[in-house]
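The chain contents come next:
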Amino acid sequence: MSLLDVRDLSVVFQRRGERPFTAVDKVSFTVEPGQTVGLVGESGCGKSVTSLAIMGLLPKRGNKVTGEVLFEGTDLLKLRPDDMRDRRGREISMIFQDPLSSLNPVIPIGIQVAEVLERHQGRDRKQALRESRELLDAVGIPDPQRRLTEYPHQISGGMRQRALIAIALACKPRLLIADEPTTALDVTIQAQILTLLKQLVDETGTALVMITHDLGVVAGLCDTVNVLYGGKVVERERRHELFAHARHPYTHGLLNSVPRLDSPRGERLHAIRGSVADNIPWVEGCAFAPRCDNVVDACLEGPPPLEPTATGGDLRCNNPVSEEVAVR
Amino acid sequence: MSDPTTQAGTPAPRSGDDKPRPGMSERSIGVLGDRKKARLDELARASAADRGGVSLVRDAARRLRRNPVAIIGAAIVGLFVLVAIFAPLIAPHDPVQRFDELTKNLTVDTIPGASGEFPLGSDPLGRDFLSRMIYGARQTLFVGVLATLIGLALGVLIGAIAGAFGGWVDVVLMRLTDVMLALPSLLLAITLVAMASRSSQWTVIFAVAIVSVPIFARLLRGSMLAQRESDHVLAARALGVKERNIVLRHMLPNSLTAVIVQATLTFAVAILDAAALSFLGLGDPDINRAEWGLMLGVDGQRYFEVRPELAYYPALAIIVVALGFTLLGEAMREAIDPKNRR
Amino acid sequence: MTEQTEPLIELRDVKVHFPIKSGLLFDRTVGYVYAVDGVSLSIRKGETYGLVGESGCGKSTLGRGLLRLVEPTEGEIIFDGTDVRSLKGEAMRRARRRMQMIFQDPLSSLDPRQSVESLLVEGLKAHGLADDKAETNRRLRETLEAVGLPASSLSKYPHEFSGGQRQRIGIARALVLNPDLIVADEPVSALDVSIQAQVLNLLEDLQNERGLTYLIIAHDLAVVRHIADTVGVMYLGGLVEEASSDDLYREPMHPYTRALMSAVPVPDPLVEDRRERILLAGDLPSPTNPPSGCRFHTRCPWAQPTRCADERPQLRDVVGGHRVACHFAEDIASGKIRPHEVEVELVRPTDGTGPVDPPGELIPTP
C-alpha cells in the first residue's frame, strides 16, 4: 500500500457572484514510504492548493473538495476536523515558503518546537525542551541551547527555515510536504536547505512531497516528478527519464526556456508562447493548446486522457514531442 | 466589446513571443485545421471579453454594485438624502407653525400624541413632530456633510503639504495634529463652541470639522509617504517627470481614495458629534430650527417621562443614517482594497 | 564584440551609505548602512553588464544610485562624458531621458490609475516630446509593437494584463523615450518561468535593433550568464569579481563566486547528482558593521591568517581582463591553497536598514 494515494482530487473555488474556478482538476498521484515526489508547475497550476487540500488546510467556506486522499488507507478528507488536527504535525507535516510568517513572532523558537512535542508526544516541558534542543542541533542551527529562548526575528531567514523544518520533523512524521521551501531564500542558502532536506529524508525515512516551480530544485531531489498545468497532471515521470526526454510540449518547452548555467552562451531561449491567461477550459480541450507548438485538431475535442508511457510514466497529450526531439 | 481592436488582442500579439523565429516553424510539428483554429480564437475571445479598458475606479464601482452591504448602505443614505431634498413636499405641515389643536392640549405633563392629522403627535411647543423630523433630515445632513467637507478640505491640505514636502514641514505639521488628536474630540468641539462669543449652527459645523482635520491629515500624509517610497513613484522619477507632477499626478490621487473612504465614515461621526453638541446644549440656539440632535437633546431629554417618543424618533433617525454612511464607507473600503482586485 | 568602443557609463568609487536615524522628536544619526561601498565599473556602448549577488549585497542600491534615484554619498558617475552627480535639478531631470529603468515588480511599478497610454505619454510629456499628437500616437504604437503588445492595449489598465505583459509595458515605458542606457533591476524574477524566456528574448531583440546598453541586476546567475557580456559579482557592498560572462563561468576565481556558482541548481539530474557544493559558513555580516579587511574573510573557506583580515583587497586584473578582489586569487586557482573548515560567526539580522534585505545565513553541512 502506498503511503499517500491521492485519487481524483478536485478543488473548486466558488466565490459569491463569481464563476466557479477549478483550481485542482482530478489530480491523482501516489507517494511510497521514503520516496521524494515533486509537484512542479507555475503559479496557478494548482500545486499549492493540492497540498493544502491534502493537509485539510483550505478555508472552510468558498471551496469544494472532492476525491480521495488515502493516507495509509484512511481517507483524510473524511476525517473529523479534530482527528485531522491530531494527525497534522504528527503523521504529516508541512513547511511553507515564508519562514517568518509561519512562525509565531511572540513565542521563543525553543518553545514552539517543544509545544509540538508536548501536544503530540505527551512530553513534559523539560523533556520537550531537551528534545527540541537536539532537533535544532540536527537541523544545523548553531548553539541550539541559546536559540531555545530566542524569538524568530532574532535569527536570519535561513535559520528560520531550519527551525521550521525542526518543528515539522519533531514528531518524526511519515510524510513531509514542502511548499516552495527555498523560494524566499538566496541561492547559497537554498543549497544549504536542500542539502539538509535530502539528508534528513535519507536518515529518517520520511517521504517528501516537494512543491516547487524550480526545475533545478527537482532535478537534484525528487524520485518522481508530477508536472501540473491548469490544475491537471500533464506528465509524470521518474526524474532521469523526465529530464532526459520530456514528452509533454509544456514540460519540454519549460526545460528549453530556462537559461542554464552550464549551457553554451548566445543561444536563443526557446520561449513558450503566451501566458496562463490564454488557457482554455479543460472541458473544451487541452488547456495548454493555445500556447502549444504541437497542437492538433484532437486537442480541441475535450481533455486528452492521462495515459501510461513506454518508460513507465504517464502523459496527457495527443501529440507529444517525439522521442528524438525530446532528447536534449 | 464588439470593437475590432479589442478582439485583435488575442492570440498572436498579446501572447508573448510573437515574432516568427528562424527554426521555429520547423519545430512546431502541430497542425490545426481551420475550424479548430476558429474555435480556438473564439475561446480566446470569450476569456478576453470581460476585460478591456476598465479603470480601477470603474472596477471598484462594479464590485460596489454587487455588494449587498453597499446596496443597503446606499439605500439608507439615498432615502435620507431624498427626504432632506424634498422635505417641503413630503412634510404635511410647516415645521415652525404652532397649531392651536395641539397647543390647547399642551400642559407640563401632557403632550398630544398621534392623531389623524399629526401622525407623530406634537412637540412640546405644539408643532407637528413628523414635519420637524422630516425637516430635521435636511438640517442634520447639512451639518454633517458640510462639517465633513470642511474637515476633509483642511485635512487634505495639511496632509498633502506634510506628505509632499516632508522634512521639518512634516515634523511641525504632524506635531500640531498630534496635539489635536491628543484632546478628546468632543471636548475639543465643546471648547471651540464655548470660545465662540455666540453659538450658532456655524460654530457647530466648524467645531465638528476641526475635530476631523487631524484624522484626514494623518491618513493622507501616511499614505503619501508610503507612495513616495513606492515603485511607481520611483518609476516616474526615473522617467524624469517633474517633482510637482509626481506629487499631483501620482502621490496625491493614489492616496486620496483612502481619505475619501474615511470621509464617508466620518459623515456618520460628524452627525453624531453635531447631535452630541446639540444634546449638551451647545448647538444652534434658534428654537425654530429642526435638527435631530437638538430635538433629542433639548425636548427629548426634558420631556422624556412625558413622551419618550420625542427622544426615540430622533435617536433612531441618527442611528440609522449613521449606520447607512458606515455601511457605505466600509463597502467602499472593501471595494478599493487592491487585494480584492481580480 | 565591442572591444574598441568608448564606455557609455563609468562609475568611479561610488558609495551609497544610508544613515540610520533614531530619536523621538529630532532624528539623530546613530550609524550607517554601507549598502554600496566603493564600486568602480564601466559599461561600453551596446554592451550588457550583469550585476549578480545575493539579497543585501547592494546591487539594487547601486543601480538606483547610478540613476540617482537614491543619492550616492561619494564617487563619480560619468555618463557619456558628464558627471551625472554634478547635474542639478532641471539638468538632471533632462538627463534622465537617456537613462531609463525597468523594475522588478511590474505591477507595483505601474501606477494603477493610469492607462497604458497615459503611462507611456507621461515620460514623453516630461521631456517635451509629446507636442505633435499624430507623431506621439505613431511613436506609442511603434513602441508597443516593439515589445509585442497590441495597439488596443493603450486604453487598458495595468491590472488587466498578465505578469509578463505588465513587464512588457514597463519595458515600453522605458523604451518610448529612446534611451541609451537601461538599468533593469531583476527584470524577470517576479515572472513565471515560461514567461521569463519571452522577456529575456525581448530584451535581447531590443538591444540588437536599437543598440541599447544594459545594466542587468539579478540574483539568478543563469539569467545573467545568458544575457550579459560582462558580469560583476557583488558581495556586501563591493565588487569581488568581474569578467566576461564566459570567463567567469568557465573559471570563477573569487571564493565567493565559486560558492555562489556551485549553489545554483541545474535542471539536469546527471549534473545535480555529480556536482560538489561549496557550502558557505556563517551569516552574511551586517552592512552596518562590515568586517575589516576582505569583507568575505569571515566566511571564506580559503581565508589565510595573513592579509585577509586586515587589508581590503582591491579589484585587480588577474588574467586578461578577469578582475578579482582577492589577495590569493592565483594561489587558489592553482590549487596552492586548499579550502578549510570555517567557524560559524553569529550575526543578527539587522532591523530598519532601509533597502537592505535581512541577510541570509549559511552554515557548513554537518
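Going by the structure above, here's the rest.
Residues numbered from 1 in each chain as written. Chains lettered and ligands numbered in written order. Predicted model: local features only at pLDDT ≥ 70, side-chain atom pairs only at ≥ 80, totals over all residues. Heavy atoms only, no water.

### Here we look at the packing of aromatic side chains
Note the threshold: Two aromatic rings from Phe, Tyr or Trp, using only the six-membered ring of Trp, form a pair when their centres are within 6.5 Å; if the ring planes differ by under 30 degrees the pair is stacked, by over 60 it is edge-to-face, and anything between is tilted. Comment: the charge-over-ring label is applied if NZ (Lys) or CZ (Arg) is within 6 Å of the ring centre and within 35 degrees of the ring normal.
According to the stated counting rule, one finds 12 aromatic pairs over all chains in the structure shown. One aromatic cluster is present, built from ring pairs that chain together Tyr229, Tyr250 and Phe288 of chain A. Taking NZ or CZ as reference, Lys232 of chain A lies 5.7 Å from the ring centre of Trp282 of chain A, over its face. The positively charged end of Lys156 of chain C is found above the aromatic ring belonging to Phe161 of chain C, 5.7 Å away from the centroid.

### Describing the nonpolar core
Basically, it comes down to this: Definition used in this section: a nonpolar core is a set of buried Ala, Val, Leu, Ile, Met, Phe, Trp, Tyr and Cys residues joined via side-chain atoms within 4.5 Å. A 1.4 Å probe rolled over the protein chains alone gives each residue an accessible area, and that area as a share of the maximum for its type sets the label: buried under 20%, exposed over 50%, partly exposed in between. Helix and strand assignments come from DSSP, with helices taken as H or I runs of at least 4 residues and strands as E runs of at least 2, each series counted from the N terminus. Residue ranges for the domains originate in an automatic or database domain assignment. Here a residue-residue contact requires only that any non-hydrogen atoms of the pair lie within 4.5 Å.
Core analysis: the biggest nonpolar cluster contains 69 residues, and Ile165 and Tyr250 of chain A have the highest contact counts within it. Of the residues forming this core, the biggest block, eight residues, is contributed by helix 7 (residues 157–169) of chain A. Taken domain by domain, this core gets at least three of its residues from each of domain 1 (4–227) and domain 2 (230–326) of chain A. Once residues within four sequence positions are removed from consideration, Tyr250 of chain A is found in contact with Gly41, Glu42, Val227, Leu228, Tyr229, Val234, Ile272 and Phe288 of chain A. Formed by 57 residues, the second largest nonpolar core is a distinct cluster that contains Val241 of chain B together with Ala146, Ala184 and Leu206 of chain C.

### Thoughts on the interface of chain A and chain C
The line we're drawing: Accessible area that two parts lose when put together, evaluated with a 1.4 Å probe and summed over both, is termed the buried area. The salt bridge criterion pairs a side-chain nitrogen of Lys or Arg with a carboxyl oxygen of Asp or Glu, the two atoms within 4 Å. Within 3.5 Å is the distance limit for a polar contact, defined as a pair of N or O atoms, with the added protein rule that one can donate a hydrogen and the other accept it, and that residues adjacent in sequence qualify only through two side-chain atoms.
Counting residues at the interface gives 58 residues for chain A, matched by 53 residues for chain C. Buried surface at the junction of chain A and chain C, both sides included, amounts to about 4,600 Å², of which 58% is carbon and sulfur. For chain A, the biggest contributors to the area lost against chain C are Gln192, Leu261 and Arg265 of chain A; these three give 18% of the whole. Where chain A touches chain C, the interface holds three salt bridges. The salt bridge involving Asp268 of chain C is made with Arg260 of chain A; its shortest N-O contact spans 3.2 Å. Summed over the shared surface of chain A and chain C, the result is 14 residue pairs in polar contact (both at pLDDT 80 or more).

### A short note on the sheet that holds strand 5 (residues 82–83) of chain C
The pairing of strands in a sheet happens through backbone hydrogen bonds and is either parallel or antiparallel. Residue and element names in this part refer to chain C. Keep this limit in mind: Pairing between two strands requires that DSSP report at least two bridges joining them. The axes used here are C-alpha line fits, helices contributing only the stretch in contact, and every angle between their N-to-C directions lies in the interval 0 to 180 degrees.
As summarised here, the arrangement of the four strands in space is 2-1-4-5, forming an open sheet in which the pairing is antiparallel. The outermost strands of the open sheet, each flanked by one partner alone, are strand 2 (28–44) and strand 5. In the sheet, strand 1 (residues 7–22) pairs with strand 2 via 13 bridges, with the strands oriented antiparallel. Within strand 2, the position partnered with Lys21 by the bridge is Thr29. Helix 1 (residues 59–66) rests against strand 1, strand 2 and strand 4 (74–79) of the sheet, and its axis sits at about 115° to strand 1.

### With respect to the environment of Cys222 of chain A
Residues and elements named next belong to chain A. In this structure, Cys222 sits in the loop between helix 9 (215–219) and strand 9 (224–229). By relative accessible area, Cys222 is classed as buried at 0%. When the C-alpha atoms of Cys222 and Val24 are compared, they prove to be 22 Å apart, with 198 residues separating the residues in sequence. Excluding anything up to four places from it in sequence, Cys222 contacts Thr36, Val37, Gly38, Met210 and Arg239.

### Considering the packing of helix 5 (residues 163–175) of chain C against helix 6 (residues 193–210) of chain C
Residue and element names in this part refer to chain C. Stated formally: Any angle from 65 to 115 degrees is called roughly perpendicular, while one under 35 is roughly parallel, one over 145 is roughly antiparallel, and all others are oblique. Crossings are classed by handedness, with left-handed meaning an anticlockwise turn of the near helix from the far one by less than a right angle and right-handed meaning a clockwise turn. All amino acids are sorted into three groups, where Ala, Val, Leu, Ile, Met, Phe, Trp, Tyr, Cys and Pro are nonpolar, Asp, Glu, Lys and Arg are charged, and the leftover types, Gly among them, are polar.
Helix 6 packs onto helix 5 with a crossing angle of 20° between their chain directions and a minimal axis gap of 10 Å. It follows that helix 5 is roughly parallel to helix 6 by the angle criterion. Our pair here, helix 5 against helix 6, has a crossing hand that is right-handed. Residues Gly164, Gln167, Arg168, Ile171 and Leu175 of helix 5 touch helix 6, and the partners they reach there are Ile195, Gln198, Val199, Leu202, Leu203, Leu206 and Arg210. Each residue belonging to the contact of helix 5 with helix 6 can be placed in one class, and the counts come to seven nonpolar, three polar and two charged.

### Points about a nonpolar patch on the surface
Residues and elements named next belong to chain B. This is how the line gets drawn: Think of a patch as exposed residues, more than 30% relative accessible area, with no salt bridge, where like charges cluster within 9 Å and nonpolar side chains (Val, Leu, Ile, Met, Phe, Trp, Tyr) cluster within 5 Å. Reported accessibility uses the Shrake-Rupley method at a 1.4 Å probe radius. Residues are deemed covered only where the shown protein chains occlude them.
Judged by side-chain polarity, Val81, Leu82, Ile85, Phe86, Leu89 and Ile90 come together as a nonpolar surface patch covering roughly 560 Å² of accessible area. Among the secondary structure elements, those contributing two or more residues to the nonpolar patch are helix 6 (68–85) and helix 7 (87–90). Among the elements that line the nonpolar patch, the one with the most residues is helix 6, at three residues. Inspection of the secondary structure assignment puts Ile85 in helix 6.

### A look at the pattern of salt bridges
All names here are of chain A. If you walk through the whole model with that rule in mind, you get 50 salt bridges over all chains. In this structure, the salt-bridge partner of Glu150 is Arg147, at a minimum N-O distance of 2.7 Å. Judged by its relative accessible area of 7%, Glu150 falls in the buried class. Classification of Arg147 by relative accessible area gives buried; the value is 2%. Residue Asp293 pairs with Arg273 through a salt bridge whose shortest N-O separation is 3.2 Å. You can see Asp293 sitting in the loop between helix 11 (249–257) and strand 11 (307–308) and its partner Arg273 sitting in the loop between helix 11 and strand 11, a full 20 residues away along the chain. If you follow the salt bridges from partner to partner, you end up with Glu72, Asp86, Arg87, Arg90, Glu91 and Arg174 in one network.

### Describing the state of the cysteines
Residues and elements named next belong to chain C. The criterion, for reference: Cysteine sulfur atoms are paired as a disulfide whenever they come within 2.5 Å of each other.
If you walk through the whole model with that rule in mind, you get zero disulfides over all chains. The thiol sulfur of Cys57 is not disulfide-bonded, and the nearest other cysteine sulfur, from Cys294, lies at 15 Å. Of the residues examined, Cys57 reaches a relative accessible area of 3% and is grouped as buried. Lacking any disulfide linkage, Cys300 is separated from the closest cysteine sulfur, that of Cys326, by 6.3 Å.

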